[in-house]
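Remarks on the overall topology
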Amino acid sequence: MKIYVAGHRGMVGSAILRSLEARRLNGDAISLITRTSAELDLTDQSAVREFMQSARPDQVILAAAKVGGIHANNTYPAEFIYENLMIECNVIHQAFAAGVTRLLQLGSSCIYPRDIAQPMAEGALLTAPLEPTNEPYAIAKIAGIKLCESYNRQHGVDYRSVMPTNLYGPGDNFHPENSHVLPALIRRFHEAMLAEHDEVVIWGSGKPMREFLHVDDMAAASLFVHELPKNIYAANTAPMLSHINVGSGTDITILGLAEIVARVTGFKGRITLDTSKPDGTMRKLMDVSRLSAMGWSSKIPLVKGISDTYRWFLDHQATLRA
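Below is a summary of the structure that appears in this document. (Residues numbered from 1 in each chain as written. Predicted model: local features only at pLDDT ≥ 70, side-chain atom pairs only at ≥ 80, totals over all residues. Heavy atoms only, no water.)

Assignment of secondary structure puts Thr 309 in helix 11 (residues 302–316). Setting aside its immediate chain neighbours within four residues, Thr 309 contacts Tyr 168, Gly 169, Phe 174, Ile 186 and His 214. (Helix = DSSP H or I, 4+ residues; strand = E, 2+ residues; numbered from the N terminus. Contact = heavy atoms within 4.5 Å.)

This brings us to the environment of Leu 228. Following the sequence through the fold, Leu 228 ends up in the loop between helix 7 (215–227) and helix 8 (230–235). On the accessibility criterion, Leu 228 (5% relative accessible area) is buried. With 81 residues separating them in the primary sequence, Leu 228 and Leu 147 have C-alpha atoms 20 Å apart. With residues up to four places along the chain from it excluded, the contact list for Leu 228 reads Arg 102, Arg 160, Tyr 233 and Met 294. (Buried < 20%, exposed > 50% of the residue type's maximum accessible area, 1.4 Å probe, protein only.)

Right, let's talk about the sheet that holds strand 2 (residues 31–33) for a bit. With respect to topology, 6 strands assemble into an open sheet ordered 2-1-3-4-5-10, the strand pairing being parallel. Two strands close off the open sheet at either side, each with one partner strand: strand 2 and strand 10 (244–246). For this sheet, the mean angle separating the axes of adjacent strands, direction not counted, is 20 degrees. Bridge analysis of strand 1 (residues 2–6) against strand 3 (residues 59–62) gives 4 bridges, and the strand direction is parallel. Looking at the pairing, Ile 3 lines up with Gln 59 of strand 3. Most of the contacts of helix 4 (residues 77–97) go to strand 3, to which it runs at about 175 degrees, and overall it touches strand 3, strand 4 (102–106) and strand 5 (158–164). Docked against the sheet, helix 7 engages strand 3, strand 4, strand 5 and strand 10, running at close to 145 degrees with respect to strand 4. (Pairing = 2+ DSSP bridges. Axes fitted to C-alpha atoms, helices over the stretch in contact; angles between N-to-C directions.)

Side chains Val 200 and Ile 202 project from strand 7 (residues 199–203) onto a buried face, and the interleaved Glu 199, Val 201 and Trp 203 project onto a face without burial. With 5 bridges joining them, strand 7 and strand 12 (residues 270–274) adopt parallel strand pairing. Pairing of Trp 203 across the sheet is with Asp 274, part of strand 12.

Below, the discussion takes up unusual backbone geometry. Cis peptide bonds are those with omega within 30 degrees of zero, and the linkage from Gln 118 to Pro 119 qualifies with -5 degrees. Located in the positive-phi region is Arg 56, a residue other than glycine, with phi close to 50 degrees. By secondary structure assignment, the location of Arg 56 is in the loop between helix 2 (45–55) and strand 3. Exposure remark for Arg 56: the relative accessible area of 37% places this residue in the partly exposed category. Look at Leu 126: it is not a glycine, yet its phi comes out positive at around 65 degrees. Take Leu 126: it is sitting in the loop between strand 4 and helix 5 (135–155).

Below, the structure is given as structure tokens:
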């Protein structure tokens, strides 16, 4: 079984690759195919066509994407929609042209409207306006879902999509300016601990709720969905509502998250809330009942996951961007 993992150097792609590699070492008849972005530009249609026709994978896992935080999405919206659309169109179509009948595409929880009931169910897709700051990226990820569904309907292939909540873990981005909330807090509290500061200030009231999932759980869920028998997958989805939410099903306040990070990093000072700064959306929680009904739930508790991630951060500080 030849499996091509697109985006194998990213946080999610590398976790999926680790899981598949462990299976291969344990005797599964798996051959893994990877290409770096320098070796294969997924926005180049002819290059992707040549690669797919030459490599002839049996299955494809599409974890490649152009990603970034709010600032990057606001500053480069054209690049975010263009590059993600091109990656999805090229990989999905050329996989089909090369005879691939099983494909898994990874998306994002930002596909859902900004103001919808919590937790966010799959059926909320396309029911209201998106968050303006990342709408171009969200539109591209929605297009990826619809590409998979359309190829399924017209050509009878089995292309699936999973939509993760906020992810964290080994390989995360810990940059002080453009990282997401959890790795940003880990770095901030670590540096405050080293400098023996007596205070760390976090933005907002601390009341917004967020859900987090360890990337190894995401990898396990992705492979679980990818390998589900077709009849079970079809029984729990609909032809034009086929994507599946992946999350822990629980959330925590930003203040509660900061308190866990403080304990894990050994910071002994106080946490101060800067209420002059915005809170953002008050709650973002995925409805994971569809995935639970199919038999999967997260395994890594948040405190353990943060502890493991902090150890990875300590081990890799020298290679992380300043």
